[in-house]
Amino acid sequence: MPTIQFRLNGTPTAVDTHPDQTLLDVLRGRLGITSPHLGCGAGECGACHVMVDGRAMASCDMPMWSAADRDVVTLEGLGSAEQPHPLQRAFISEQAMQCGYCVSGILISAAALLKRNPSPTESEVRAALDRNLCRCGSHNRMVRAVLRAAAETATS
Ligand code: FES
Ligand code: FES
């Protein structure tokens, strides 16, 4: 099997894998990165979102050949319990989650948005989260949390 190299949360990473194996399978099954979740498995729910070269993308339908030499960031690379990302702090403050299954993907989509647009409007936040489904119906609180993180980052 070929060795595919990419950057994972800033660390050069190499994995021997079939090129058609999905990035999600490699992250979860081979590299112990468990934040991206398998939902639909068809690129339609956002539970598996990771940032690839700064854009939120579904890892469930990204083959490893397509991840080669790219910069992949997962929730593990955004923040930690000791040093949470502003979005993570805001999600806690707004209690913007219920079961939590969708939240990793939503935080990644929101982080990609704030990276390219640090002061989004509410409609821009809603558009950025449009590809992320939340079956618990927490979207309104999540939108508030993203706006809160943007506001707090702007004033810090
Ligand atoms: S599991 Fe990847 S988009 Fe749904
Ligand atoms: S918090 Fe349960 S699916 Fe979103």
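Just so it is clear, the model here is predicted, and its values are computed rather than measured.

1. A short note on unusual backbone geometry
Then step 1. Of note in this structure, N9 is not a glycine but carries a positive phi near 50 degrees.
Then step 2. Within the secondary structure, N9 is located in the loop between β1 (3-8) and β2 (11-16).
Then step 3. You will see that D53, though not glycine, has its phi angle at about 50 degrees, which is positive.
Then step 4. In this fold, D53 is placed in the loop between β3 (49-52) and β4 (55-58).
Then step 5. Judged by its relative accessible area of 44%, D53 falls in the partly exposed class.

2. A word on the packing of helix α4 (residues 86-93) against helix α7 (residues 139-155)
Then step 1. Here α4 crosses α7 at 130 degrees, and the two axes come no closer than 8 Å. Between α4 and α7, the angle is such that the two are oblique. Helix-helix and strand crossings are classified by hand; for α4 and α7 the assignment is right-handed. Of the residues in α7, those touching α4 at P86, L87, A90, F91 and S93 are M142, A145, V146, R148, A149 and T153.

3. Quick look at the sheet that holds β2
Then step 1. Here we have five strands laid out as an open sheet, ordered β2-β1-β5-β3-β4, and mixed in their pairing. Single-partner strands in this sheet number two, and they are β2 and β4. Taken pair by pair, the neighbouring strands of this sheet meet at an average axis angle of 40 degrees, ignoring direction.
Then step 2. In terms of strand pairing, β3 meets β4 through four bridges, oriented antiparallel. Paired with M51 across the two strands is A56, which belongs to β4.

Criteria and cut-off values
Residues numbered from 1 in each chain as written. Chains lettered and ligands numbered in written order. Predicted model: local features only at pLDDT ≥ 70, side-chain atom pairs only at ≥ 80, totals over all residues. Heavy atoms only, no water. Helix = DSSP H or I, 4+ residues; strand = E, 2+ residues; numbered from the N terminus. Buried < 20%, exposed > 50% of the residue type's maximum accessible area, 1.4 Å probe, protein only. Axes fitted to C-alpha atoms, helices over the stretch in contact; angles between N-to-C directions. Parallel < 35°, antiparallel > 145°, perpendicular 65-115°, else oblique. Left-handed = near helix turned anticlockwise from the far one by under 90°. Contact = heavy atoms within 4.5 Å. Pairing = 2+ DSSP bridges.

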